[in-house]
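Chain and residue survey
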Amino acid sequence: VAFSTETVYGLGANALDEQAVLSIYEVKGRPGDNPLIVHLAHTGLIPTVVADIPPMAVPLIERFMPGPLTLVMRRAPSIASAVSAGLDTVAVRCPSHPVAQAFLSMAGVPVAAPSANLSGRPSPTQVRHVLEDMEGKIPFVIDGGACEVGLESTVLDVTGDVPVLLRPGAVTADQIREACGLIPRVAKGTGQGPVRSPGMKYRHYAPRATVLVGIGRSLAARARHTAELVQEEVAAGRSVGVFASSKAILLIKEMQKAAPNENWPVRLVSYGELDDSVQASARLFDAFRTLDASGVDRIVVQSLPEKGMGAAYMNRVRKASAQKTGE
Ligand code: AMP
Ligand code: MG
């Protein structure tokens, strides 16, 4: 069953039923060593799926759950081993979305769920994205509208001495530090050493089109660079999809007016105000799907400062633009 949450749509199965869990990997085409997140109707159920709750997790649960935070803890034996892909830990989340909560309490079991996209596609943030990837492959989708956050949950490992940030999301490193008094260590996405979150070793959504990022120190500089990249690509004879602030889009439209006779193979999607990392995050995956489907050669994305929601936004933008790293 695919279901809406405040982050992205999930594809859920009974976390106590090995066969049901394995069917998720099959339907998504997901590698068997990339574990799923166990979703619970409320925080009172956390002790039923973990071996213990580390002290640092207590204030985090109190402050951010239900919500877009996933905690990695030592797993209880009741959880199907396929959920954890053979690890001795389990990732746990309590969504705040009322539709997700209703579904989870009616299910009456912990629900293992990754995002409801085919492996390698952007996570679905609207029910039509789920249908694009899953129609005919799964029996049910619960439509709860567009996802408010639009990026996957923050994943935090709380099994060690300090919390380790495995995936940035709407709950930020600063908020985690404030709540538990410990500065989270940011896990390296790739490179040496043991892979802490198996998801990190997989290449995330890389659009067919090459993704370019408009950068700069100030917000205005980022908008300008975004427009310059578009101009260069068009001059080189390529079609371009753009995901940028309304400011950058205005600059691009002015360029078009200055050269009205030229072929203008540009598709524009605005995220809104220059500094609106919340809205940019909410719209990013839909923009990737829409622009890629339109067949453009390049997708130009405006960067945002890496504070607040901007950190999670830039993490996903970087993953989409790092096409050849095999991440
Ligand atoms: P998805 O919801 O599709 O993004 O997939 C769940 C994410 O949580 C993936 O990035 C997994 O690697 C991560 N995850 C799930 N379980 C664990 C775990 N036990 N330890 C570390 N990361 C996990
Ligand atoms: Mg996913």
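Since this is a predicted model, take the numbers as computed values, not measurements.

Calculation notes
- Residues numbered from 1 in each chain as written.
- Chains lettered and ligands numbered in written order.
- Predicted model: local features only at pLDDT ≥ 70, side-chain atom pairs only at ≥ 80, totals over all residues.
- Heavy atoms only, no water.
- Helix = DSSP H or I, 4+ residues; strand = E, 2+ residues; numbered from the N terminus.
- Rg over C-alpha atoms; globule rule 2.2 N^0.38 Å.
- Buried < 20%, exposed > 50% of the residue type's maximum accessible area, 1.4 Å probe, protein only.
- pLDDT = per-residue confidence, 0-100.
- Contact = heavy atoms within 4.5 Å.
- Polar contact = N/O pair within 3.5 Å; in protein donor to acceptor, adjacent residues only side chain to side chain.
- Pairing = 2+ DSSP bridges.
- Axes fitted to C-alpha atoms, helices over the stretch in contact; angles between N-to-C directions.
- Parallel < 35°, antiparallel > 145°, perpendicular 65-115°, else oblique.
- Left-handed = near helix turned anticlockwise from the far one by under 90°.
- Nonpolar A, V, L, I, M, F, W, Y, C, P; charged D, E, K, R; others polar.
- Arc of directions from axis to C-beta.

1. Some words on the overall build of the chain
- Check the secondary structure of the chain and you find 10 helices and 15 strands.
- Computed over C-alpha atoms, the radius of gyration of the chain comes to 20 Å, within 12% of the 20 Å expected from 2.2 N^0.38 for 327 residues, which places it in the range of a compact globule.
- Reported as C-alpha extents along the three principal axes, the dimensions of the chain are approximately 65 × 45 × 35 Å.
- Per-residue burial for the chain yields a buried fraction of 52% across its 327 residues.

2. Digging into the confidence of the model for the chain
- Model confidence for the chain is summarised by a mean pLDDT of 93, while 93% of its residues fall at 70 or above.
- pLDDT under 50 marks residues 190-195. Its contacts with residues more than four places away, or in other chains, come to 2 contacts.

3. Describing the side chain of H39
- If you trace the backbone, H39 turns up in strand β4 (residues 37-39).
- A distance of 3.0 Å separates a polar side-chain atom of H39 from the backbone oxygen of I37.
- Beyond its immediate chain neighbours, meaning those up to four positions away, H39 contacts F3, R93, P95, L104, P110, V111 and A113.

4. Some points on the sheet that holds strand β5 (residues 69-74)
- Read across the sheet, 8 strands follow the order β3-β7-β4-β6-β5-β9-β10-β11 without closing on themselves; strand pairing throughout is mixed. Among the strands making up the open sheet, the edge pair consists of β3 (13-14) and β11 (185-186).
- Inspection of the sheet shows β4 paired to strand β7 (residues 111-113) by 3 bridges, in the antiparallel sense. Paired with V38 across the bridge in β7 is A112.
- Against the sheet, helix α2 (residues 57-64) engages β5 and β9 (154-157), with an angle of about 150 degrees to β5.

5. A look at the packing of α2 against helix α6 (residues 173-180)
- The contact between α2 and α6 brings their axes to 8 Å, and the two run at 120 degrees. The angle between α2 and α6 places the two elements in the oblique class. Viewed along their axes, α2 and α6 form a crossing whose handedness is right-handed. Between α2, through P59, L60, R63 and F64, and α6, the contact on the second element is made entirely by Q175, I176, E178, A179 and C180.
- Looking at the contact of α2 with α6 residue by residue, the class counts come to 6 nonpolar, 1 polar and 2 charged.

6. Here's the deal with α6
- Taken together, the buried positions of α6 are occupied by I176, A179 and C180. Seen along its axis, α6 keeps its buried residues to an arc of 75 degrees; they face one direction.
- Buried positions along α6 lie against α2, β9 and β10 (164-167).
- Immediately downstream of α6, the backbone of G181 shows phi near 75 degrees, a positive value.

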